[in-house]
Amino acid sequence: MVPEEQINLFDFMQPSQHETPADFDPSLIPTSAQIPIPPGTYASIAEMVPHCNTCQRCELGQFRTHAVIGRGNPKADIAIVGEGPGQSEDEQGLPFVGKSGQLLEKILQSVRLSSENDVYICNVVKCRPPGNRTPTPQETEACKPYLLEQIRLVNPKIILLAGATAVRGLTGDKRGITKIRGQWLEWQGYLCMPIFHPAYLLRNPSREPNSPKWLMWKDIQAIRAKLAELAS
Ligand code: URA
């Protein structure tokens, strides 16, 4: 099926109507980045899973073992957006389960946040880029409707953007992470904070004042305080 024929494959789903027809074959969609995925397409994140696992909107679909959609609490107040799956994530179908994930876990635990209950974790791209390279802007764009649907469905109070690729992928802001980490930004009505990617912290283990790890611990405390402020 050529992209032009697929363009209306989502027409059966209007925002208020999420009944999937009995004859609908999810393996047919979506196979091209030209197919729009309108906001409201999915009634739940679980509905996205078969689509992401058959998706060929970009070439990353050729390489995946599993699409990596998200983990944690889909109703959490905090969403954490990373870059893309690595090898462990691709194998397990879950984000941040490798070394970066272990560090993320420690960062969250340091302010008594549970990755199961208090956050929802996902990535800008759902399939592993070969060799763990940075996803291209085209790959990020092709995958963006899924991320937007996740954010719409989770509707978090705070979005943490882990690394420059996550900042650029969601908000389009191309500034370097060192410049903007720790600052509260507004994106489409959501309160966002860019933070260092855990993989960057693993490469920079110093805990000296003003080191990346030291700054990360300051940022997570500010995030904790903001959450308390928003709850009160
Ligand atoms: N790095 C990411 O950005 N995401 C993951 O899921 C794992 C490592």
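This is a predicted model, so every value here is computed, not measured.

Visitor: Just to check I follow, could you spell out the sheet that holds strand S6 (residues 190-195) for this structure?
Guide: Whether parallel or antiparallel, the strands of a sheet pair through hydrogen bonds between backbone atoms. Taken together, the 6 strands give an open sheet; going across it, the order is S1-S3-S2-S4-S6-S5, and neighbouring strands pair in mixed fashion. Of all strands in the sheet, those with a lone pairing partner are strand S1 (71-72) and strand S5 (185-187), marking the two edges. Sheet analysis places S5 next to S6, joined by 3 bridges and oriented antiparallel. By the bridge assignment for S6, Leu185 is matched with Cys192. The strands that helix H5 (residues 137-154) touches are strand S2 (78-82), strand S3 (119-123), strand S4 (158-162), S5 and S6; relative to S3, the one it contacts most, it runs at about 170°.

Visitor: Even after reading the chapter, I still don't get the environment of Leu148, so can you show me in this structure?
Guide: With respect to the helices and strands, the residue Leu148 is situated in helix H5. For Leu148, a relative accessible area of 34% corresponds to the partly exposed category. Separated by 111 residues in sequence, Leu148 and Ile37 have C-alpha atoms that sit 9.7 Å apart. Non-local contacts of Leu148, meaning those with residues more than four positions away in its chain, are made with Leu170 and Trp187.

Visitor: Could you clarify how one ought to interpret the site of the ligand in this entry?
Guide: Near the ligand the following residues occur: Gly82, Glu83, Gly84, Glu89, Pro95, Phe96, Asn123 and His197. Between the ligand and the protein, one listed contact pairs an oxygen atom with a backbone N or O atom of Phe96 at 2.9 Å. Contacts to the ligand include Asn123, whose side-chain N or O atom sits 2.8 Å from a nitrogen atom. Compared with its free state, where it exposes 240 Å², the ligand has 92% of that area covered by protein. Considered class by class, the residues forming the shell around the ligand number 2 nonpolar, 4 polar and 2 charged.

Visitor: Sorry if this is basic, but what is going on with the pairing of S4 here?
Guide: On any regular strand, side chains alternate: one points to one face of the sheet, the next to the other face. With respect to burial, S4 is a largely interior element, 5 of its 5 residues being buried. Both faces of S4 are covered, namely the face carrying Ile158, Leu160 and Ala162 and the face carrying Ile159 and Leu161. Summarising the sheet, S4 and S6 pair through 5 bridges and their orientation is parallel. In the strand pairing of S6, Leu161 is matched with Pro194.

What counts and how
Residues take numbers from 1 onward in each chain, read along the sequence in its written order. Under the rules for a predicted model, residues below a pLDDT of 70 receive no local features and side-chain atom pairs below 80 are neither given nor counted, while totals for whole chains, interfaces and linings still include all residues. Each side-chain value is derived from all of the structure's non-hydrogen atoms; neither hydrogens nor water enter the calculation. Strand pairing is assigned whenever DSSP detects at least two bridges linking the two strands. Runs of E in the DSSP output that reach at least two residues are strands. Runs of H or I that reach at least four are helices, and both are numbered from the N terminus. Contacts were defined at the residue level, with two residues in contact if any of their heavy atoms lie within 4.5 Å. The axes used here are C-alpha line fits, helices contributing only the stretch in contact, and every angle between their N-to-C directions lies in the interval 0 to 180 degrees. Only protein chains enter the calculation, and the probe is 1.4 Å; a residue is then buried if its accessible area is under 20% of its type maximum, exposed if over 50%, and partly exposed in between. A single heavy atom is enough: if one lies within 4 Å of a molecule or strand, its residue is considered near that molecule or strand. In protein, a polar contact requires one atom able to donate a hydrogen and another able to accept it; more generally it is a pair of N or O atoms within 3.5 Å, and residues adjacent in sequence count only if both atoms are side-chain atoms. Here the Shrake-Rupley method, with its probe set to 1.4 Å, supplies the accessible areas, and only the displayed protein chains count as covering residues. Under the grouping applied here, Gly and all other residues not named as nonpolar or charged are polar, the nonpolar ones being Ala, Val, Leu, Ile, Met, Phe, Trp, Tyr, Cys and Pro and the charged ones Asp, Glu, Lys and Arg.

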